[in-house]
Amino acid sequence: MPARGGNWALLDQSSDPVVADVPVVQELVTYYKTIAEEITSEADVLRRIGDGDDAQFKGATADAVRKKSKEVAASLTKMSGRYDAIRDALTAYLPELQHALDESAGALQDAEEADAAGTRAASMPDPSKDRAQDAPPMTTEEQDAVSAKGRASSAAQGDADAAKARLHRALDGITAAGKAAAATIRASWHDGLHDTLGDKIKAFFSKLLKLIVKIFTYIGIALAALAILIPGVGVLAIMGAVAAGVGLVAQLGLVALGEGNVFDLVMAVVGVATLGIGSGITKATSVAVKSGLKAGKTSMTAKLGERLAPLKEFRSDAIQRINSLKTQIGGKTGAVQHVDGAMSGFTQNALRDVGTKGLGAAKTISDQLRRNLEPLVEQKGALQGGIKSAETQIAKEAGLVRGADDLIAANMKDVDRAIGAFTSKFPDNPNWWNLRQVSTTAKNDWSTISKQFGSDLFTKRGFDGWAERLAGIDGQLNRADIDKWLGARGFAGVGSSAPKWHTWVNGGMSAQGKAWSITGLVINPTMIGNDQQRPWTESYGEFKHPITT
């Protein structure tokens, strides 16, 4: 029975304090009574066999089990007493439960009536309220009105207190009845019938392993659902591998305790086996992808070398010409200095001769000086012209060197951009089981999720990528795409695509794993709320074939 409605706060309760279903308790009484009667009947049969009753069981086999039959009959009789105690405890508890339900309902009704009376009392006139100090004395009628309101308020509060007391008595009664029932049930267990330490350990581990299987089964289903929504996420693969491994170990533990079943064990083994096969194919694909990435980068670098070789040779030749011209300039500069020295010597000699021979010889000396200097001036002009021409040629050659440098830098940038585009399109991602690079895996996962629900949302590229990752064949396709990308740009790659069986096996295993996870949600109840059993649960349990040891 669901919680009853009403303003339970009037009774200082946040909600219905007595939530119980009397018919269900009555059904339990009948159930435990029936079980006790069946156990008693079976114990009586075993007791008669133990006492030598041939009508029930005879022959050599009967003689061999008579002693054990009496022991089992005694144990069953004690067990029957436990069920009788539970039946009697619940039978005694039922009247108190019904009484508590009735009294709590009556207390709520009383409290609601008291609340209504309090509301009516509060609305009664009160002449004394907010009365001025200089007002004349109240009349008899006014005093009677004040008294009437006080009596009504006190009566409402008294009724409210009485309603709370009524509820407390009901709760105290059902609490005492519950304790008495619990004491009766606990007392029935002191009958000398106990599990052995081995039974207790086995029961503990059985419950623990079943809980582990249940938890990791639903974790696996949840991960599969996420893998359908967002396939190709490495962190989910790591969690799925852990769940599969723990699930298999738990299933093996249940088999060892004799409580496992063939079907669940086989499916656990298949789950781990497919994980291993898929990892092997992924590893082979990863090696091929890494080879393709390395070959692509090597090819791009080689192409760069081919492009730069003639440019570097041209640049080297230009630098050699510049150095040759600088050498020529150095020689001609020395020659100019030598000519300047000769001209200076002729000039000084002429001045000395004028001083020695006098001004009368000046004209003759001047003419001779002119004749001496004219060829030197001509020679110096030629040398300086040669120097200027060489400097002009050096400037041209330097421009060619700068042009070569610009072309070399541009080619290097082109190759850098190509390598960048290549590594961006085909990153060297670690395999999901490489836990040392789990941070990189998580970063790549976030990039995948961001694209799927961002730039690629509702696009053909986004749908194709989702479908490829969902089928588990994105690695094989990526391997082929690397060679196509490199080949279209004149670069060398691995030169081979993934074997077809890699694609078919990975796709088949991916489909099987996800289909089984979805099927598990349909076949198995979630054990949450009322979802405890499906129409086919019993037949499905029989189909799985328990393993006994």
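Numbers given to residues run from 1 along each chain, matching the order in which its sequence is written. Local features in a predicted model are, by the rule used here, given only for residues with pLDDT of at least 70; side-chain atom pairs are given and counted only at 80 or more, and totals for whole chains, interfaces and linings are based on all residues. The basis for every side-chain value is the complete set of heavy atoms in the structure, and neither hydrogens nor water enter the calculation.

J.: I'd like a rundown of the overall build of the protein, residues and numbers included.
T.: Each helix is a run of DSSP H or I of at least 4 residues and each strand a run of E of at least 2, with the numbering of both proceeding from the N terminus. Check the secondary structure of the protein and you find twelve helices and zero strands. Taken from the N to the C terminus, the helices and strands of the protein come in the order α-α-α-α-α-α-α-α-α-α-α-α. Across the 549 residues of the protein, 29% fall into the buried class. Pairs at least 24 apart in sequence give 77% of the contacts found in the protein among residues at least 6 apart. Carbon and sulfur atoms make up 60% of the accessible area of the protein, which totals about 33200 Å². Note on classification: 1.4 Å probe, protein chains only; a residue is buried when its accessible area is under 20% of the maximum for its type, exposed when over 50%, partly exposed between these limits. Two residues form a contact once any of their heavy atoms are found within 4.5 Å. Throughout, the Shrake-Rupley method with a 1.4 Å probe supplies accessible areas, and for residues the shown protein chains are the sole cover considered.

J.: Pulling in residues and values, what's your account of a negative patch on the surface?
T.: Patch membership needs two things, relative accessible area over 30% and no salt bridge, and members are linked within 9 Å if like-charged or within 5 Å if nonpolar (Val, Leu, Ile, Met, Phe, Trp, Tyr). Put simply, a salt bridge is a Lys or Arg side-chain nitrogen that is within 4 Å of an Asp or Glu carboxyl oxygen. We score Asp and Glu as negative and Lys and Arg as positive, and we do not count His or the chain ends. The atom standing in for a charge is NZ when the residue is Lys, CZ when it is Arg, CG when it is Asp and CD when it is Glu. Side chains of Glu112, Glu113, Asp115, Asp159 and Asp161 sit close together on the surface and give a patch of like negative charge. Of all the elements in the fold, those that place two or more residues in the negative patch are α2 (60-123) and α3 (140-188). Of all the elements, α2 adds the most residues to the negative patch, at three residues. With respect to the helices and strands, the residue Asp115 is situated in helix α2.

J.: Before we move on, can you summarise the nonpolar core with the specific residues and values?
T.: In plain words, nonpolar cores are sets of buried Ala, Val, Leu, Ile, Met, Phe, Trp, Tyr and Cys residues tied together by side-chain atoms within 4.5 Å. If you look at the biggest cluster of nonpolar residues, it comprises 25 residues, and the most contacted ones within it are Leu11, Val18, Tyr93, Leu97 and Ile174. When residues of this core are traced back to their parent elements, those giving at least two are α1 (22-50), α2 and α3. It is α2 that contributes the most residues to this core, eleven residues altogether. With sequence-adjacent residues up to four places away left out, Leu97 is seen in contact with Val18, Ala20, Val22, Val25 and Ile174. If you look at the next biggest cluster of nonpolar residues, it comprises 18 residues, including Ala318, Ile329, Ile387 and Val401.

J.: Go over the pattern of salt bridges, please, and point to the residues and values.
T.: Scanning the model with the defined rule gives eleven salt bridges in all. For Lys164, the salt bridge identified is with Asp12, shortest N-O distance 3.3 Å. Remark: Asp12 occurs in the segment before α1 and Lys164 occurs in helix α3; sequence separation between them is 152 residues. Given a relative accessible area of 54%, Asp12 falls into the exposed group.

J.: Let's hear about the confidence of the model for the protein: which residues, and what values?
T.: Residue-level confidence of the predictor is what pLDDT reports, using numbers from 0 through 100. Scored by pLDDT, the protein has a mean of 75; 64% of the residues are at 70 or more. When pLDDT is averaged over each helix and strand of the protein, the minimum, 61, is found for helix α11 (residues 500-523) and the maximum, 87, for α3.

J.: Kindly report on α3, identifying the contributing residues and their values.
T.: The span you would expect from a helix comes to 1.5 Å times its residue count less one. Between the first and last C-alpha of α3 there are 72 Å, a value that for 49 residues agrees with the 72 Å anticipated at 1.5 Å per step. For α3, every residue scored as buried is listed here: Lys149, Ala156, Ala160, Ala163, Leu167, Ala170, Leu171, Ile174, Ala177, Ala181 and Ser188.

J.: Any details on the environment of Gln452? Residues and values, ideally.
T.: Along the chain, the position of Gln452 falls in helix α8 (residues 438-452). Take Gln452: its relative accessible area is 13%, and that puts it in the buried class.

J.: How would you explain the side chain of Lys149 if you had to name every residue and give the values?
T.: Checked against the element boundaries, Lys149 lands in helix α3. In this structure the side chain of Lys149 is engaged in a polar contact, spanning 3.3 Å, whose partner is the backbone oxygen of Met124. In this structure Lys149 touches Ala121, Ala122, Met124, Pro125 and Asp126, once residues within four positions along its chain are discounted. Whenever a nitrogen or oxygen atom comes within 3.5 Å of another N or O atom, the pair is scored as a polar contact, on the condition that within protein one atom can donate a hydrogen and the other can accept it, and that pairs from neighbouring residues in sequence are kept only if both atoms are in side chains.

J.: A description of α8 should follow, citing residues and the corresponding values.
T.: In this model α8 runs 21 Å from its N-terminal to its C-terminal C-alpha over 15 residues, within 8% of the 21 Å that 1.5 Å per residue would give. Residues of α8 that are buried include every one of Thr441, Asp445 and Gln452, and no others. For α8, the angular spread of the buried residues around the axis is 40°, confining them to a single face. In α8, the exposed positions angled more than 90 degrees off the buried face are occupied by Ser439, Lys443 and Trp446. The arc in question is formed by the directions pointing from the helix axis toward the C-beta atoms.

J.: Before we move on, can you summarise the environment of Arg402 with the specific residues and values?
T.: Here Arg402 is to be found in helix α7 (residues 362-425). The class for Arg402 is exposed, based on a relative accessible area of 53%. Put simply, Arg402 and Arg315 are 87 residues apart on the chain and 8.5 Å apart in space, counted from C-alpha to C-alpha.

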